[in-house]
Amino acid sequence: YMTRFYVEYTESTFPRAGSHTPGSEKTPLDKICVWQGDITSLEFDAIVNAANEQMMGGGGVDGAIHKAAGKSLLEECIARYSSGCAPGDAKLTGGYKLPADLGPRGENPVVLANCYDSVLQIVKNENLKTVAFPCISTGIFGYPNEKACRVALKTVLHWLQSNPGWDGRIVFCVFLDKDKHLYDKNVKKIFADP
Ligand code: ADP
């Protein structure tokens, strides 16, 4: 249901996405959208958590995901990832398919870009088709919102251009009104026709 909702949302927001005809190559813009709300409500193949090194749960989106997933998620993290997660790296948790991704503390564009790349590599390797990212590092970790948004969009665009065979859908799941405005504005700029 949510996947269908998402595709419809994309087509209404970005008219070019609707113009895709079967047989023609999809553009990166046909594969993304911005959606505002609670990431735990999305029934996607993968939702991305912005975790901490320990992967033992925390506040912000991490707290919301652990609460929604139940204690089995924490048990799996303890059992499988006792050494945690390094900044820029991503770990796939079994069962719930919630990849725990660790963003940088503060402004570090290379590590932030690595987060998006690490997740998309897992998504592709695991043959997942739908993934939703929160605004990694922009909460407790303090990355300036617009700079983080631009890194996220540029990294994902570059990944889609480098992996044109991946025919999935990526949602930028924004939570705050200011991020909704930033993403809408910058998607238009960064994903615009070359
Ligand atoms: P970080 O430690 O990486 O900064 P935070 O969880 O503090 O992670 O913040 C990342 C972003 O997630 C912020 O924009 C915050 O508003 C947002 N957020 C918080 N709860 C949710 C939720 N349930 N769904 C989606 N995004 C959320």
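Quantities reported herein were computed from a predicted structural model and do not represent experimental measurements. (Residues numbered from 1 in each chain as written. Predicted model: local features only at pLDDT ≥ 70, side-chain atom pairs only at ≥ 80, totals over all residues. Heavy atoms only, no water.)

Enquirer: Looking at this structure, I do not really get the sheet that holds strand 2 (residues 46–47). What am I missing?
Expert: An order of 1-7-6-2 is seen for the four strands of this open sheet, with the pairing classed as parallel. Pairing within the sheet leaves two strands with one partner each, and these edge strands are strand 1 (32–36) and strand 2. In this structure, strand 2 lies alongside strand 6 (residues 130–133), joined through two bridges in parallel fashion. Bridging across to strand 6, Ile47 finds its partner in Ala132. Each of strand 6 and strand 7 (169–174) is contacted by helix 5 (residues 109–125), which is oriented at about 160 degrees to strand 6, the strand it contacts most. (Pairing = 2+ DSSP bridges. Helix = DSSP H or I, 4+ residues; strand = E, 2+ residues; numbered from the N terminus. Contact = heavy atoms within 4.5 Å. Axes fitted to C-alpha atoms, helices over the stretch in contact; angles between N-to-C directions.)

Enquirer: Hey, could you run me through the layout of surface pockets in this one?
Expert: Over the atoms rolls a probe the size of a water molecule, and its path tells where empty space is left. Approximately 530 Å³ is the volume attributed to the largest pocket. Those elements giving two or more residues to the lining of the largest pocket turn out to be helix 3 (60–69) and strand 7. Here the element with the most residues in the lining of the largest pocket is helix 3; it accounts for four residues. Of the residues assigned to the lining of the largest pocket, the class counts are 14 nonpolar, nine polar and three charged. (1 Å grid on protein atoms, 1.4 Å probe; cavity = no way out; pocket = protein on both sides within 12 Å on 5 of 7 lines; lining within 4 Å. Points joined across faces, edges and corners; volume = space filled by probe spheres on them. Nonpolar A, V, L, I, M, F, W, Y, C, P; charged D, E, K, R; others polar.)

Enquirer: I tried to follow the site of the ligand on my own but got confused; where do I start?
Expert: With respect to spatial proximity, 17 residues lie near the ligand, and among them Asp38, Val61, Ser137, Gly139 and Ile140 are the closest. Here a nitrogen atom of the ligand sits 2.9 Å away from a polar atom, N or O, in the main chain of Ile39. In this structure, an oxygen atom belonging to the ligand sits 3.3 Å away from a side-chain N or O atom of Thr138. For the ligand, whose free accessible area comes to 570 Å², the fraction covered by protein is 92%. Looking at the shell around the ligand residue by residue, the classes come out as ten nonpolar, five polar and two charged. (Near = heavy atom within 4 Å. Polar contact = N/O pair within 3.5 Å; in protein donor to acceptor, adjacent residues only side chain to side chain. Areas by Shrake-Rupley, 256 points an atom, 1.4 Å probe, with all protein chains shown as cover.)

Enquirer: Hey, could you run me through the confidence of the model for the chain in this one?
Expert: Keep in mind that low pLDDT regions are not for reading the predicted coordinates in detail. On average, residues of the chain carry a pLDDT of 83, and 82% of them reach 70 or more. Mean pLDDT per element in the chain: helix 2 (residues 15–18) is the minimum at 43, and helix 6 (residues 145–162) is the maximum at 97. pLDDT under 50 marks residues 12–18. Its contacts with residues more than four places away, or in other chains, come to 13 contacts. Reported for the predicted complex are a pTM of 0.84 and an ipTM of 0.94. (pLDDT = per-residue confidence, 0-100.)

Enquirer: What is the right way to read the pairing of strand 6 from this model?
Expert: Consecutive residues of a regular strand have side chains that alternate between opposite faces of the sheet. Burial along strand 6 is two-sided: Thr130 and Ala132 facing one way and Val131 and Phe133 facing the other are all buried. As judged from the four bridges shared by strand 6 and strand 7, these two strands associate in the parallel manner. When the bridges of strand 7 are listed, Val131 appears paired with Ile170. Assessed by its sense of winding, the connection that carries the chain from strand 6 through helix 6 to strand 7 is right-handed. (Buried < 20%, exposed > 50% of the residue type's maximum accessible area, 1.4 Å probe, protein only. Right-handed = clockwise from strand over helix to strand, strands pointing away.)

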